Amino acid sequence: MSSTAGQRDDLAATLRSHSLRVTPQRLAVLAVLHASDQHLSAEEVYENVRNVMPSVSLATVYNALGELRRVGQVRALPVSGKVRYDLAERGSHHHLVCESCQRVVDLEGGDLPEPALPQSQSQGFEILTVEVIFRSICPDCQRIGTSRPALASNQLASNQEVSVLSMQRGKK
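Our subject in this report is the structure included herewith. (Residues numbered from 1 in each chain as written. Predicted model: local features only at pLDDT ≥ 70, side-chain atom pairs only at ≥ 80, totals over all residues. Heavy atoms only, no water.)

1. Looking at the overall build of the protein chain
To keep things clear, this is the line we draw: Each helix is a run of DSSP H or I of at least 4 residues and each strand a run of E of at least 2, with the numbering of both proceeding from the N terminus. Every residue pair with non-hydrogen atoms within 4.5 Å of one another is taken to be in contact. Methods summary: accessible areas were calculated by the Shrake-Rupley approach with a probe of 1.4 Å, and residue burial reflects only the protein chains presented.
Secondary structure summary: the protein chain contains 6 helices and 6 strands in total. When the helices and strands of the protein chain are listed from N to C terminus, the series reads α-α-β-α-α-β-β-β-β-β-α-α. Taking the contacts inside the protein chain whose residues are at least 6 apart along the sequence as the reference set, 49% of them involve residues at least 24 apart. Of the accessible surface of the protein chain, which amounts to about 11,300 Å², a share of 51% is contributed by carbon and sulfur atoms.

2. Points about a nonpolar patch on the surface
This is how it is decided: Exposure above 30% relative accessible area and no salt bridge define the residues that can form patches, which grow by joining like charges within 9 Å and nonpolar side chains of Val, Leu, Ile, Met, Phe, Trp and Tyr within 5 Å. Salt bridges, as used here, are contacts in which a Lys or Arg side-chain nitrogen is within 4 Å of a carboxyl oxygen on Asp or Glu.
Judged by side-chain polarity, Leu-96, Leu-112 and Phe-134 come together as a nonpolar surface patch covering roughly 220 Å² of accessible area. Here Leu-96 is to be found in strand β4 (residues 94–98).

3. Observations regarding helix α3 (residues 42–52)
Formally: Burial classes follow relative accessibility: with a 1.4 Å probe on protein chains only, a residue under 20% of its type's maximum area counts as buried, one over 50% as exposed, and anything between as partly exposed. By arc we mean the arc of the directions from the helix axis to the C-beta atoms, nothing more.
The complete set of buried residues in α3 reads Ala-42, Val-45, Tyr-46 and Val-49. Considered in projection along α3, the buried side chains sweep an arc of 100 degrees and stay on one side of the axis. At its buried positions, α3 is contacted by α2 (24–35), β1 (40–41), α4 (58–70) and β3 (82–87).

4. Here's the deal with the packing of α2 against α4
Spelled out, the test is: Axis definition: a line fitted to C-alpha atoms, limited for helices to the stretch in contact. Angles are taken between N-to-C directions and run from 0 to 180 degrees. Any angle between 65 and 115 degrees counts as roughly perpendicular, while under 35 counts as roughly parallel, over 145 as roughly antiparallel, and the rest as oblique. Note on residue classes: Ala, Val, Leu, Ile, Met, Phe, Trp, Tyr, Cys and Pro are nonpolar, Asp, Glu, Lys and Arg are charged, and everything else, Gly too, is polar.
Remark: α2 packs on α4, axes separated minimally by 9 Å, with the N-to-C direction vectors making an angle of 75 degrees. The orientation of α2 relative to α4 falls into the category roughly perpendicular. In this structure, α2 contributes Gln-25, Arg-26, Val-29, Leu-30 and Leu-33 to the contact, and α4 contributes Thr-60, Val-61, Ala-64, Leu-65, Glu-67 and Leu-68. Residue composition of the contact of α2 with α4, by class: 7 nonpolar, 2 polar and 2 charged.

5. Here's the deal with the packing of α2 against α3
Heads up, the rule is: Here a crossing is taken to be left-handed if its near helix is turned anticlockwise relative to the far helix by less than a right angle, and right-handed if that turn runs clockwise.
Across the interface, α2 lies against α3 with an axial gap of 9 Å and an inter-helix angle of 110 degrees. Considering their axes alone, α2 and α3 lie roughly perpendicular with respect to each other. For the pair α2 and α3, the sense of crossing is right-handed. In this structure, α2 contributes Ala-28, Val-29, Val-32 and Leu-33 to the contact, and α3 contributes Val-45, Asn-48 and Val-49. For the contact of α2 with α3, the residue count by class is 6 nonpolar, 1 polar and no charged.

6. Looking at the sheet that holds β1
Heads up, the condition is: Only strands that DSSP links by at least two bridges are regarded as paired with each other.
A sheet is described by the order of its strands in space; here 3 strands give the open sequence β1-β3-β2, paired in antiparallel fashion. Since the sheet does not close on itself, it has two edges, and those belong to β1 and β2 (74–79), each with one partner.

Next up, the structure:
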């Protein structure tokens, strides 16, 4: 059996172990995530899946990612207004995120202490996982003098939403 067939069988077994139907689309989404060492957005997963399955829709990719997230196979990482995906099997880890270019770097355990929420502050919540995201500017963006366009674009989007809401209220 070839390694590609072996990988396909492993991915199919992963889907079955979570009571998910094995579909070509779900297999393709999982294969793309396994092949990448990056934290891909749904759009990036879609572009990669389309290379092998041209008829796939973006909605199908979103649905597959949602199902994989629901069963705990994929984690979502919010990055500057977009969600990026990471395989849960890669273990719990923290991230450095560049607020300028949206580059994401994994921080593997090492010397970082796990943050803990004192029981007195949990407000009855059951803590399932802890993730730390260090929002920063990467060395490449620092070198070229790029500041924080992602933050600026989020502010612009917020201002546009306020303007739209104001216009809608004026129409009533």
